Amino acid sequence: MNKVVIVTGASRGIGAAAAKLLAKQGYAVCVNYLHASEQAKIVVEDIIKGGGKAICFQADVSQEADVKRLFEETNKAFGQITHLVNNAGILFKQASLQDIDVDRFQKVMNTNVLSCFLCAKEFIAQIKKNGAIVNVSSAASRTGAPFEYVDYAASKGAIDSLTKGLSLELAERNIRVNGVRPGFIKTDMHADGGEPNRVERLTPQIPLKRGGTVEEVANAVVWLLSEQASYVTGTFIDLAGGK
Ligand code: NAD
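Residues numbered from 1 in each chain as written. Predicted model: local features only at pLDDT ≥ 70, side-chain atom pairs only at ≥ 80, totals over all residues. Heavy atoms only, no water.

*Asks:* Before we move on, can you summarise helix H3 (residues 64-78) with the specific residues and values?
*Replies:* Think of an α-helix as 3.6 residues a turn; residues three or four steps apart then line up on the same face. The terminal C-alpha atoms of H3 lie 21 Å apart, and with 15 residues this matches the ideal 21 Å at 1.5 Å per residue to within 8%. Within H3 the residues assigned to the buried category are Asp66, Val67, Leu70, Phe71, Thr74 and Phe78. One side of H3 carries all its buried residues, which in axial view fall inside an arc of 135 degrees. In this structure, H3 carries Ala65 and Lys76 as exposed residues pointing more than 90 degrees from its buried face. Elements that come into contact with the buried residues of H3 comprise strand E1 (4-7), strand E2 (28-33), strand E3 (53-58), strand E4 (83-86) and helix H4 (102-126). The first or second residue beyond H3 is Gly79, which carries a positive phi of 90 degrees. (Helix = DSSP H or I, 4+ residues; strand = E, 2+ residues; numbered from the N terminus. Expected span 1.5 Å × (residues − 1). Buried < 20%, exposed > 50% of the residue type's maximum accessible area, 1.4 Å probe, protein only. Arc of directions from axis to C-beta. Contact = heavy atoms within 4.5 Å.)

Right, dumping it as structure tokens:
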């Protein structure tokens, strides 16, 4: 079977690791990015050097027209898209409720949740049956991230419900929908959130006493998309070192 996957927000971090690992498993990969075209090209070059197939494509996945173009161009390059990783996400600086304004809240919801909805819609418009989606949620959907990012945590909670609902709605078409919930993974997202060393600060609270790696999350994404997980849908893998 020809396996074609779109990984959103894949120019760096967890998305880049998932894109590379999926390519090693034989997927043709579309590396979606927002602004970082140079980084996205490097991910594509790495994949091609390793004998894999990849393109990169700029699209803001919170915009319906961009999402349509992303799917059209991937389809033109590789044929029917069979798998989807909704990974793109955004985290603003730590703040309490009174300091989170409506613009920030909406931006977080649009980037983190609306994007999953739009990409899932486009995905099922072009594949009628047999496929898989993984949504990248967060351990914050369980903790609520008080005094830090309740907006972000709420967006990840919404991803969890969307994952569950879509898994039931798409089960009769054998399209599986699952999620991963990373805990503290050392990526540039924490610097964007105003604390580059957040993982180190919180390590003592993690039962396994270390942050996770992007490869550890990518492994779970790859497994959930694979035939090895053919009877798994509507579920989540927590990758949070026991937290
Ligand atoms: P990251 O910031 O490196 O990756 C996020 C990517 O999404 C970036 O490349 C960014 O450019 C892209 N992006 C943002 N808005 C976009 C848009 N509108 N359209 C397209 N791309 C867009 O951080 P990461 O840690 O690799 O995060 C990947 C995912 O994992 C995110 O959904 C994040 O919420 C989730 N996550 C990360 C952690 C962690 O500790 N790093 C923990 C839990 C969940």
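*Asks:* Please provide a residue-by-residue account of helix H2 (residues 37-49), values included.
*Replies:* The terminal C-alpha atoms of H2 lie 18 Å apart, and with 13 residues this matches the ideal 18 Å at 1.5 Å per residue to within 8%. Within H2, the full set of buried residues consists of Ala40, Val43, Val44 and Ile47. In a view along the axis of H2, the buried residues occupy a sector of 95 degrees, so they form one face of it. Across H2 from its buried face, at more than 90 degrees, point the exposed residues Glu38 and Lys49. Packed against the buried residues of H2 are helix H1 (13-24), E2 and E3. Phi for Gly51, located one or two positions after H2, is positive at around 90 degrees.

*Asks:* Now, about the state of the cysteines: what can you tell me, with residues and values included?
*Replies:* Counted by the stated rule, this structure contains zero disulfides. With no disulfide of its own, Cys116 has Cys119 as its nearest cysteine by sulfur position, at a separation of 7.3 Å. Classification of Cys119 as buried rests on a relative accessible area of 0%. (Disulfide = S-S within 2.5 Å.)

*Asks:* Kindly report on unusual backbone geometry, identifying the contributing residues and their values.
*Replies:* One non-glycine residue, Ala145, lies in the positive phi region at around 45 degrees. On the secondary structure map, Ala145 appears in the loop between helix H5 (140-143) and helix H6 (150-170). Here Ala145 falls in the buried class, since its relative accessible area comes to 7%. Phi at Lys209 is positive, roughly 60 degrees, even though this residue is not glycine. Here Lys209 lies in the loop between helix H8 (198-202) and helix H9 (214-225).

*Asks:* Lay out the pairing of E2 in plain terms, naming residues and giving numbers.
*Replies:* E2 sits mainly inside the fold: six of its six residues count as buried. Side chains Ala28, Cys30 and Asn32 project from E2 onto one buried face, and the interleaved Val29, Val31 and Tyr33 project onto a second face that is buried too. Inspection of the sheet shows E1 paired to E2 by four bridges, in the parallel sense. Opposite Val4, over in E2, you have Ala28 as the bridge partner. For the crossover from E1 across H1 to E2, the handedness is right-handed. Bridging between E2 and E3 involves six bridges; their strand directions are parallel. When the bridges of E3 are listed, Val29 appears paired with Ala54. At this point the chain moves from E2, through H2, to the parallel E3, and the crossover so formed is right-handed. (Pairing = 2+ DSSP bridges. Right-handed = clockwise from strand over helix to strand, strands pointing away.)

*Asks:* Could you give an account of the site of the ligand, with specific residues and numbers?
*Replies:* The full set close to the ligand counts 26 residues, and Arg12, Ile14, Asn87, Tyr152 and Thr187 are the nearest of them. For the ligand, a nitrogen atom lies 3.5 Å from a polar atom in the backbone of Ala59. At 2.6 Å from an oxygen atom of the ligand is found a side-chain nitrogen or oxygen belonging to Thr187. In the complex, 94% of the free accessible area of the ligand, which totals 820 Å², lies under the protein chains. Mapped onto the shell around the ligand, the elements with two or more residues apiece are H1, H6 and helix H7 (189-192). By residue class, the composition of the shell around the ligand is 11 nonpolar, 12 polar and three charged. (Near = heavy atom within 4 Å. Polar contact = N/O pair within 3.5 Å; in protein donor to acceptor, adjacent residues only side chain to side chain. Areas by Shrake-Rupley, 256 points an atom, 1.4 Å probe, with all protein chains shown as cover. Nonpolar A, V, L, I, M, F, W, Y, C, P; charged D, E, K, R; others polar.)

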